[in-house]
Amino acid sequence: MLDDIKIMQFADGTLNSDEREHVKNEIDNNPEYQKILKDYMQTADTLAGLGNEIRSLDLPEELKLKISNFNKKESSSIPQKSFNFFNIFNLKYSAVAAAFALFFTGGFYTNQMIALKDQVPTMQTVADKGSIKLRGSSSETVSNFYRWFDENKFITSVNNKINSLKNGDKFTADITDLNNQTVNFRLDKDFNDKDGNQCKIISYDKKVSLEQSNKFFFISLAVCKNNNIWKLVAITLN
Amino acid sequence: MLLILLINMINQLSENFFKSLLVVASGISKGADPYILINGVAEYLMKNWDHYKNHPNLKAIAILKMKGLYIDEIRKNKNFQNLPTDDEGNIMDIPDDGEKSIVDKLEIKTEFKKTLLIIKTMGEKCREILILAAEGLSMQEMLEVTKVKSLGTVLSRLSNCRKELKERLSNAR
């Protein structure tokens, strides 16, 4: 017996792998659950579509100018001096340093690490993710993954290679793990988004661990074709 | 967890950050112009940036501030001085007049305008949870913004509101 909340979580991809298998089996064997699942998937698409549509709007020029001026002022207020390693009380630098120390000395135990050392200076911020949906076991984890994920490399490779691939094929995207092992991606399945654009699910071919917590995640990336260009639209960690 | 906290300390006020807020402003702001709300939040955050720049969940802070601004805005503009509020201070009942013209200001596809109008005719709690889901907030972030007691309540509310949304969308077709 499943409650609707479990079916909703299954539709949203937010169940852990143990529960997911169980819930999937129950749904597969019950047409009533399948109907509920379909309804939840539709509302997920509707809400995601609405969010993406509003996010695609341009901000008023006045606000854009305000943001730009503010950021200029903020960046000019940061003292332009060389980095002093011993200035450990500078919170921003020490926070980053501590984060990298944790990261590169075992904070992230994994057999397939996404981050590259040369990504560090240009680390993406979640605030800049645009319309990409981050879905997963926890917002922190999936946001953290996004910060370290080299979206440009990935999407460039996808655009170069996707036409010659069929579902089930594996490919690389010039991304290596922390041990310099090449990360493999697998083309999983096709679907169409609400606007009828052609989309595909691409997954990491192995589970990935992002923290020193022995937790491993399935990571899948949804890409959709718009104006002949494949773009990343969602990242899901399960 | 420490790593997450440390990385999260570095915030940024980017255009995309405000576009995310526009999603929420468009849905929760019944009777108020969403652009006025994000302008208000921008001014507030910029003015108090030293206080918030290292906050681990800036978006939740911004949304909560926006909810406050929304209540102030409609009280100021519509002279609804005595609107009934629930335990959380949310206004419970706002007349629908003018709502369509506010949604029409958003240059989005007609089908999304219809969806947004349907969401805006729903109760305060559904309106809030659905628009937070549209923005892609996690359950934990929804918990922080809605200030309900537990994640179970968030899940239950979201589940029920999505059912109601599905029904209303079906009836509208």
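Everything discussed here concerns the structure shown above.
This structure is a prediction, so every number in the text was calculated from the model and none was measured. In this numbering scheme, every chain counts its residues from 1 along its sequence in written order. For naming, the first written chain is A and the first written ligand is 1, with later ones following in the order written. Where totals are concerned, whole chains, interfaces and linings use all residues; where local detail is concerned, this predicted model gives features only for residues with pLDDT of at least 70, and gives and counts side-chain atom pairs only at 80 or more.

Caption draft 1: A look at the pairing of strand E7 (residues 219-226) of chain A. All names here are of chain A. Relative to E7, strand E4 (residues 198-204) runs antiparallel, the two being bridged by five bridges. By the bridge assignment, Lys200 is partnered in E7 with Val223. For two strands to be treated as a pair, DSSP must find no fewer than two bridges joining them. What counts as a helix is a DSSP run of H or I of at least four residues, what counts as a strand is a run of E of at least two, and both are numbered from the N terminus. Taken together, the eight bridges between E7 and strand E8 (residues 229-237) define a ladder with antiparallel strand orientation. Counterpart to Lys225 in the pairing with E8 is Trp230. Between E7 and E8, which pair antiparallel in sequence order, lie two residues; one of them, Asn227, sits at a positive phi of approximately 50 degrees.

Caption draft 2: Quick peek at the environment of Met46 of chain B. Its place among the elements puts Met46 of chain B in helix H3 (residues 34-47). Between the C-alpha atoms of Met46 of chain B and Leu13 of chain B, which are 33 residues apart in sequence, the distance is 8.5 Å.

Caption draft 3: Region of the structure containing the packing of helix H2 (residues 15-28) of chain B against helix H8 (residues 124-134) of chain B. Residue and element names in this part refer to chain B. For the pair H2 and H8, interaxial distance at closest approach is 9 Å and the crossing angle is 155 degrees. As the angle between them shows, H2 and H8 are arranged roughly antiparallel. Handedness of the crossing formed by H2 with H8: right-handed. The segment H2 lies against H8, with Val23, Val24, Gly27 and Ile28 engaging Arg127, Glu128, Leu130, Ile131, Leu132 and Ala134. Angular values range over 0 to 180 degrees, each being the angle between N-to-C directions of two axes fitted as lines to C-alpha atoms, with helices fitted over their stretch in contact. To sort the angles, those under 35 degrees are grouped as roughly parallel, those over 145 as roughly antiparallel, those from 65 to 115 as roughly perpendicular, and the leftovers as oblique. Should the near helix be turned anticlockwise from the far one by less than a right angle, the crossing is left-handed, and should it be turned clockwise, the crossing is right-handed. Throughout, a residue-residue contact means that the two C-beta atoms, derived from backbone geometry, are no farther apart than 7 Å.

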